[in-house]
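Listed below, chain by chain, are the residues.
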Amino acid sequence: MTAAVSSKRLFFAIWPQKKIRERLERSRKDYCPHIGRWTPAENLHVTLVFLGNVAVRLIPSIEAAVSGIDARAFNLDLDWLRTAPGKGMVWLAPKEVPNELLELVDALKSSLEGLDLEIEKRAYRPHLTLIRKLPAPFEPREIEPIPWPVRSFTLVESRPSRGASEYLRARIWRLRG
Ligand code: ATP
Ligand code: MG
């Protein structure tokens, strides 16, 4: 007999549409050495707020809380290939973080206050992880911006697996405009 699932590993994220994923793949091939573990294209994302393990009974309240968010759509220019601080990862990040992105993250965090969740308190550094387990040093560089029109955000369940994590997009909310 298997026990009922009582918690899920959850996070809020923005997820690139197919066209942007294809651009990202082309840039990765152009600029990155073929080493380390590449994130599968369908897994590429930018985390907004990481929730960690959440009791399943809290999910309806989480969804209800963020459904009231009135945040604006925005454009994100991904133009900075860098390594994650202290880790063997290559990130693609925006050199300039749009205010709308910071407002969305703040709105998510405030809407979730009082829900008995442990929310990340470190400074928010938006990024997309391209490569993990990088065995050699990587020289950070600026690249021709990849313009990403961000029109929605999503609640994602992360299922750890032996290879790359599996991500299930549970719900999607449109941004205004
Ligand atoms: P794996 O752990 O298998 O390498 P992953 O890190 O992408 O894959 P998760 O650990 O489930 O999968 O993380 C999901 C997302 O949340 C990732 O974008 C990850 O960078 C981010 N994340 C994970 N832990 C934290 C944390 N403590 N604070 C902020 N973001 C986190
Ligand atoms: Mg992880």
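Here we summarise the structure given alongside this text. These numbers were taken from a predicted model, which means no experiment stands behind them.

## With respect to the overall build of the protein
Assigned secondary structure in the protein consists of three helices and nine strands. Going from the N terminus to the C terminus, the protein shows its helices and strands as β-α-β-β-α-β-β-α-β-β-β-β. A compact globule built from 177 residues should have a C-alpha radius of gyration of about 16 Å, and the protein, at 17 Å, falls within 12% of that. Over its C-alpha atoms, taken along the principal directions, the protein stretches across nearly 45 × 45 × 30 Å. Every one of the 177 residues in the protein was classed for burial, and the buried ones make up 42%. A separation of at least 24 residues holds for 78% of the contacts in the protein among residues at least 6 apart in sequence.

## Side note on the packing of aromatic side chains
Applying the stated rule across the entire model yields five aromatic pairs. Considering the side-chain rings of phenylalanine 11 and tyrosine 167, the 5.5 Å spacing of their centres and the 80° angle between planes classify their relative orientation as edge-to-face. Of the two residues, phenylalanine 11 is situated in strand β1 (residues 7-14) and tyrosine 167 in strand β9 (residues 166-174); the sequence distance between them amounts to 156 residues. An identical accessibility class is assigned to phenylalanine 11 and tyrosine 167; each is buried.

## A word on the nonpolar core
If you look at the biggest cluster of nonpolar residues, it comprises 47 residues, and the most contacted ones within it are Phe12, Leu48, Leu51 and Phe153. Among residues more than four places away in sequence, those in contact with leucine 48 are Phe12, Ala13, Ile14, Leu101, Leu104, Val105, Leu108, Tyr124 and Phe153. One finds Ala13, Trp15, Val156 and Tyr167 within the second-largest nonpolar core, a separate group that totals five residues.

## With respect to the side chain of glutamate 63
As for its position among the elements, glutamate 63 is in helix α2 (residues 59-67). Glutamate 63 has contacts with Leu155, Arg171 and Trp173, leaving out every residue within four places of it along the chain.

## Brief notes about the site of ligand 1
The full set of residues close to ligand 1 is Arg9, Phe11, His45, Thr47, Phe50, Glu120, Arg122, Arg132, Ser158, Ser165 and Tyr167. Measuring from a nitrogen atom of ligand 1, one finds a side-chain N or O atom of glutamate 120 at 3.0 Å. At the level of secondary structure, the elements contributing two or more residues to the shell around ligand 1 comprise β1 and β3 (46-55). Residue classes in the shell around ligand 1 are distributed as three nonpolar, four polar and four charged.

## A short note on helix α3 (residues 99-112)
Compared with an ideal rise of 1.5 Å per residue, which puts 14 residues at 20 Å, α3 spans 20 Å between its outermost C-alpha atoms and is within 8% of the ideal. For α3, the set of buried residues is Leu101, Leu104, Val105, Leu108 and Leu112. Each buried residue of α3 sits inside an arc of 95° when the element is viewed along its axis, so together they form one side. Considering only its buried residues, α3 is in contact with β1, β3, α2, β4 (74-83) and β8 (152-159). Glycine 114 sits one or two residues past α3 and shows a positive phi near 85°.

## Some thoughts on the pairing of β4
Looking along a regular strand, one sees side chains alternate from face to face of the sheet. In this structure, β4 lies alongside strand β7 (residues 141-150), joined through seven bridges in antiparallel fashion. Residue pairing for β7: aspartate 77 is matched across the bridge by proline 147. When β4 meets strand β5 (residues 90-93), the two strands line up antiparallel, connected through four bridges. From the neighbouring strand, threonine 83 faces β5, where its bridge partner is valine 90. Taking the residues that link successive antiparallel strands as the turn, the β4-β5 hairpin has six residues, and the phi of glycine 86 there is positive, at about 70°.

What counts and how
- Residues numbered from 1 in each chain as written.
- Chains lettered and ligands numbered in written order.
- Predicted model: local features only at pLDDT ≥ 70, side-chain atom pairs only at ≥ 80, totals over all residues.
- Heavy atoms only, no water.
- Helix = DSSP H or I, 4+ residues; strand = E, 2+ residues; numbered from the N terminus.
- Rg over C-alpha atoms; globule rule 2.2 N^0.38 Å.
- Buried < 20%, exposed > 50% of the residue type's maximum accessible area, 1.4 Å probe, protein only.
- Contact = heavy atoms within 4.5 Å.
- Phe/Tyr/Trp six-rings, centres within 6.5 Å; stacked < 30°, edge-to-face > 60°.
- Core = buried A, V, L, I, M, F, W, Y, C linked by side-chain atoms within 4.5 Å.
- Near = heavy atom within 4 Å.
- Polar contact = N/O pair within 3.5 Å; in protein donor to acceptor, adjacent residues only side chain to side chain.
- Nonpolar A, V, L, I, M, F, W, Y, C, P; charged D, E, K, R; others polar.
- Expected span 1.5 Å × (residues − 1).
- Arc of directions from axis to C-beta.
- Pairing = 2+ DSSP bridges.

Purely spatial values, then, with no claim about function.
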